[in-house]
Structure formats: C-alpha cells, structure tokens
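Chains, contacts and geometry: an overview
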Amino acid sequence: MIRNALIFAGWLIDGTGKPALKNVIIKIEKGAVVKIVKSDSESKIHFQKTAKGYADFSDYTVLPALVDSHVHLSMSGTPDLKVRQHQLEADFEEIKPVIDAHIYNHMSYGIVAVRDGGDHLGHAMRYRNQCFDFQKMPLHMKVAGKAWKRQGRYGKLIGRSPQKGETLAEAIQKELLELYPIRPDHIKIVNSGINSLKKFGKQTLPQFSLEEMKEAVKVAQDHDLPVMVHANGYEPVKIAVESGCRSVEHGFFIGEDNFKRMADYGTCWVPTACTMKAYANTLQPESPEACAARKYLEHQLNQMALAKKLGVQMAVGTDAGSMGVNHGHAIIEELRLFMEAGFSLEQALSCSSKNGAHLLGMENSEHFSVSNSVSFFAVKGSPGHFFENLEKKLIITDLGVTC
Ligand SMILES: [Zn+2]
C-alpha cells in the first residue's frame with residue numbers, strides 16, 4: 001500500500017465508472033488520495049523538480065486494483081478431466097501449492113481480492129486459516145468453506161447437505177458454533193441446478209423454500225455473515241432475493257421481475273458469463289452442447305444489458321476453477337463480456353473494483369479503499385490497449401513511491 005506519493009499518470013481510470021482522464025497528477029498522503037489534478041507538461045516538470053516521491057507513469061493507465069468476486073481456489077480451470085477429478089479428491093497437502101499458484105495468477109493480473117465460492121473438502125478455508133501469508137502474497141481471500149445444498153441435488157463438488165432431520169438454518173448455526181472462533185467470511189448456498197446443455201433454457205426447481213432460505217439468511221446475519229446464493233432460473237432467484245441474500249451468483253434466466261426486486265433490495269448480481277464461453281470452447285465447436293453453451297452466453301449478455309438499465313448492482317466474478325476458466329486470466333474474459341453487454345471499459349472495471357470491494361465488505365479496509373483507492377496498479381499504454389497489455393502482463397502492481 002502506498003502511504004505518500006505523487007504519481008503522474010498518462011491516463012487515470014478512477015474506479016467510479018467515469019471516463020478515463022488524460023495526464024493527471026495523483027497526490028497520496030497517509031494512504032489516501034487527497035488530490036487528483038489535470039496536468040500538462042509544464043506542471044509535470046514543476047512536480048519533477050519539487051517532489052521527492054514523484055513517480056512517472058506517463059506511459060501507463062493507472063487504475064484501482066481488481067476484485068474477482070467468484071472463484072474456486074482449490075480447483076484449476078484446466079479442461080483435462082483426469083486432472084479435474086484428481087483435484088477434487090486430492091488431500092490438503094497436495095492442493096496447497098495449487099492454491100499458491102492460483103493466488104499468484106490472480107495477483108499477476110492486478111487482482112487484489114477474491115471471493116471463494118466453496119469446495120467440498122473445505123481446502124480454501126483451511127488454506128486461509130493455516131497457510132496464508134499476506135506479507136508474501138498480498139491477496140485478500142474471502143472464503144465460504146463448504147457450500148450448503150439440499151441432499152440429492154446439484155452441488156456436491158462444492159459443498160454438502162444438512163444432516164437428516166436438520167434444517168438448513170440449524171445446520172449452519174451448528175457449524176458456526178463448532179468452528180468458533182474460526183469461521184468463514186460468508187455463507188454459500190446452492191439453490192438451483194446448473195444450465196442444461198441438452199435442453200437450452202430448462203429451469204430447475206429451487207433447492208430450498210423461501211421459509212428455509214429466510215431462516216438460513218437470518219442465522220448468517222446473526223453471525224454478521226453475508227450469504228451468496230448460486231441460483232439460476234426465475235423461482236430459485238426469486239427465493240434467494242426475497243430471503244435477503246447479499247448476492248445472486250450466475251443467475252441465468254433471472255428475468256425482469258427479479259432484476260427489479262434486486263435493484264430495490266440492493267442485491268448484487270455476479271453473472272459469471274465467461275463460464276459459458278469457456279465451456280463452449282472446450283467442446284467440439286459444432287456439437288449441440290457447444291451451441292447450447294453459446295446460446296446461454298448470448299442470453300446472459302442480454303440479461304446483463306437489462307440489469308444495467310434497471311440499476312442492478314453487478315460485480316465481476318469469473319467462477320475461476322470451472323471448466324476452461326483460468327484463475328487470473330479469466331478476469332479479462334469477463335470484463336470483455338461486460339463490455340459486449342454494453343458497459344464501457346471504465347464501467348466494467350468499476351463493477352470489478354468498486355462493486356467487488358463493496359460486495360466483499362472491504363471498502364473501509366486499510367488495504368483497499370476504492371473511493372480513495374491507494375491499491376492502484378498500472379497497465380502499460382492507453383485504455384485502448386488495456387486488455388492487450390494486461391494479457392501480456394505489462395503491468396506494475398506496486399506503485400510504492402514514498403516521500
Ligand atoms: Zn462457482
């Protein structure tokens with residue numbers, strides 16, 4: 001984190017969604033941005049002469065660090081089914097270096113925080129508890145531990161079900177008390193199935209009733225924990241939103257009524273659109289499954305445009321660790337898809353940094369404050385070359401200039 005600095009930026013994207021500014025000087029004092037002023041070559045020379053901690057990023061676009069709001073750190077995005085199966089069964093010692101590598105990958109694309117959506121062995125949470133060294137790898141990890149699902153329904157790869165005779169709320173409460181004082185950063189509940197590649201648009205029934213979900217969200221809130229809900233289809237999303245969850249994940253076929261509800265309630269949507277694109281790319285291009293995956297993607301992009309129009313808060317999450325979705329790199333795919341859905345580059349980046357930080361509850365964190373962000377990073381070139389140069393990793397993540 002930068003404490004004190006003067007940074008000359010060729011371009012600044014400030015994280016609010018407003019258009020990039022050209023040639024600015026950013027003044028940072030005691031870890032907070034105190035001034036952003038337009039510059040010209042004369043004032044640049046003046047600053048060079050007078051400032052001790054002056055940093056010249058005139059060939060760079062400076063912007064707030066990114067947040068990936070939906071990942072699975074214990075799984076890699078490889079399409080190799082043998083590796084995937086092995087990772088699902090591997091013990092913690094074997095998965096530790098895998099998570100190390102994923103964290104490194106995120107950081108190398110300017111990502112400073114991730115929100116994990118769960119794994120059935122709880123490796124990501126154990127990693128956070130036992131191995132995570134923020135000094136060595138300064139990435140903020142928010143973890144769910146094991147997700148919750150209904151017995152016999154989708155989700156066994158990322159979680160488990162309440163015991164027989166136990167409600168969802170009782171199961172969550174019991175586990176939180178057992179884990180105390182260690183606990184997850186949020187609760188993840190699976191409330192639908194996944195997209196059917198055999199029958200485009202087929203919706204699955206909710207896994208939990210509104211009553212069950214409300215009780216579960218109440219328990220989580222009593223422990224000060226937000227709830228993220230995997231939900232596709234109108235009914236599962238409606239229940240999730242009305243239960244008071246913090247975010248809807250994936251949300252294929254949410255529908256306009258639900259968007260209106262989400263805008264009213266302030267529920268965040270994490271569309272993970274790149275999953276369908278990545279999945280299609282792992283299949284034979286003309287196969288019916290690949291065609292279906294591409295149709296889901298197209299449908300999702302239309303939904304994203306509608307959600308934007310209706311004022312739904314949206315965050316950028318990739319579902320990294322899913323088939324074909326690689327940790328770190330996938331943020332480029334998802335940001336590009338936000339733009340295909342009608343967001344400007346600046347608006348898409350704001351969904352990642354500002355909305356992501358808000359969703360992760362990090363706005364007031366000492367290390368990450370978007371409105372006054374000092375977790376800046378710089379990507380070579382103008383915003384027009386943003387993706388190309390981020391892809392080449394022509395970035396500087398530590399602008400650490402002190403004076
Ligand atoms: Zn996921």
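Residues numbered from 1 in each chain as written. Predicted model: local features only at pLDDT ≥ 70, side-chain atom pairs only at ≥ 80, totals over all residues. Heavy atoms only, no water.

**Side note on the nonpolar core**
Applicable threshold: Note on terminology: a nonpolar core comprises buried Ala, Val, Leu, Ile, Met, Phe, Trp, Tyr and Cys residues joined through side-chain atoms within 4.5 Å. Remark: exposure states derive from per-residue accessible area (1.4 Å probe, protein chains only) relative to the maximum for the residue type, with buried under 20%, exposed over 50%, and partly exposed in between. Helix and strand assignments come from DSSP, with helices taken as H or I runs of at least 4 residues and strands as E runs of at least 2, each series counted from the N terminus. Where each domain begins and ends is defined by an automated method or by a domain database. By definition in these notes, contact holds between two residues if any of their heavy atoms fall within 4.5 Å.
Counting 98 residues, the largest nonpolar core has Ile-172, Ile-187, Ile-189, Val-248, Met-262, Trp-269 and Met-314 as its most contacted members. The element contributing the most residues to this core is helix α10 (residues 288-310), with 7 residues. Split by domain, the residues of this core number at least three in each of domain 1 (5-64 + 368-396) and domain 2 (66-341). Once residues lying within four places of it in the same chain are set aside, the contact partners of Met-262 are Val-237, Val-241, Val-248, Ile-254, Thr-267, Cys-268, Trp-269 and Val-312. Core analysis: the second largest hydrophobic core is formed by 15 residues, Val-24, Ile-28, Tyr-60 and Phe-376 among them.

**Regarding the sheet that holds strand β5 (residues 66-71)**
Rules: DSSP-based pairing: two strands are paired if at least 2 bridges between them are found. The angle between two axes is taken between their N-to-C directions and runs from 0 to 180 degrees, where each axis is a line fitted to C-alpha atoms and a helix contributes only its stretch in contact.
Ordered in space as β5-β6-β7, the 3 strands form an open sheet in which the pairing is parallel. Each having just a single partner strand, β5 and β7 (140-142) make up the two edges of the open sheet. Strand-to-strand twist across the sheet, computed as the mean angle between neighbouring axes with direction ignored, equals 15 degrees. Relative to β7, strand β6 (residues 111-116) is paired through 3 bridges, and the arrangement is parallel. Bridge pairing in β7 links Ala-113 to His-140. Of the strands in this sheet, β5 and β6 touch helix α12 (residues 345-359), which is tilted by about 70 degrees from β5.

**Quick word on the pairing of strand β14 (residues 376-380)**
For β14, a buried count of 4 out of 5 residues is recorded, marking the element as mostly surrounded by other parts of the structure. By the bridge criterion, 5 bridges tie strand β4 (residues 54-64) to β14 in an arrangement that is antiparallel. When the bridges of β14 are listed, Pro-64 appears paired with Phe-376. Direction of pairing for β14 relative to strand β15 (residues 395-396): antiparallel, over a ladder of 2 bridges. Looking at the pairing, Val-379 lines up with Ile-395 of β15.

**Observations concerning the domain arrangement of the chain**
Put simply, the rule is: Each of two parts loses accessible area, computed with a 1.4 Å probe, when they are put together; buried area is these two losses added. Just to be clear on terms, a salt bridge is a Lys or Arg side-chain nitrogen sitting within 4 Å of an Asp or Glu carboxyl oxygen. Think of a polar contact as two N or O atoms within 3.5 Å of one another; within protein, one of them needs to be a possible hydrogen donor and the other a possible acceptor, and neighboring residues in sequence only count if both atoms come from side chains.
The domain boundaries assigned to the chain delineate domain 1 (5-64 + 368-396) and domain 2 (66-341). A straight line from the C-alpha centre of domain 1 to that of domain 2 covers 33 Å. Opposite the 8 residues of domain 1 that make contact, domain 2 presents 12 residues. Counting the surface lost from both domain 1 and domain 2, the interface buries some 1000 Å², and carbon and sulfur atoms represent 71% of this. Here domain 1 and domain 2 share 0 salt bridges between them. Between domain 1 and domain 2 we count 1 residue pair in polar contact (both at pLDDT 80 or more) in total. A total of 3 residues in the side of domain 1 that touches domain 2 trace back to one element, the largest contributor, which is helix α13 (residues 386-391).

**A closer look at the packing of helix α9 (residues 274-282) against α10**
Spelled out, the test is: The cut-offs work like this: below 35 degrees is roughly parallel, past 145 is roughly antiparallel, 65 to 115 is roughly perpendicular, and the gaps in between are oblique. Here is the rule for handedness: rotate from the far helix to the near one, and if that takes an anticlockwise turn smaller than a right angle the crossing is left-handed, while a clockwise turn gives right-handed.
Between α9 and α10, the shortest axis-to-axis distance is 8 Å and the interhelical angle comes to 160 degrees. Considering the angle they form, α9 stands roughly antiparallel to α10. The way α9 lies across α10 gives a crossing that is left-handed. On the side of α9, the interface is formed by Met-276, Lys-277 and Ala-280, while α10 contributes Ala-290, Ala-293, Arg-294, Tyr-296 and Leu-297.

**Some thoughts on the state of the cysteines**
Operational definition: The criterion for a disulfide is a pair of cysteine sulfur atoms lying within 2.5 Å.
Under the counting rule described, the total for this entry stands at 0 disulfides. Between Cys-351, a free cysteine, and Cys-268, which holds the nearest cysteine sulfur, the sulfur-to-sulfur gap is 8.3 Å.

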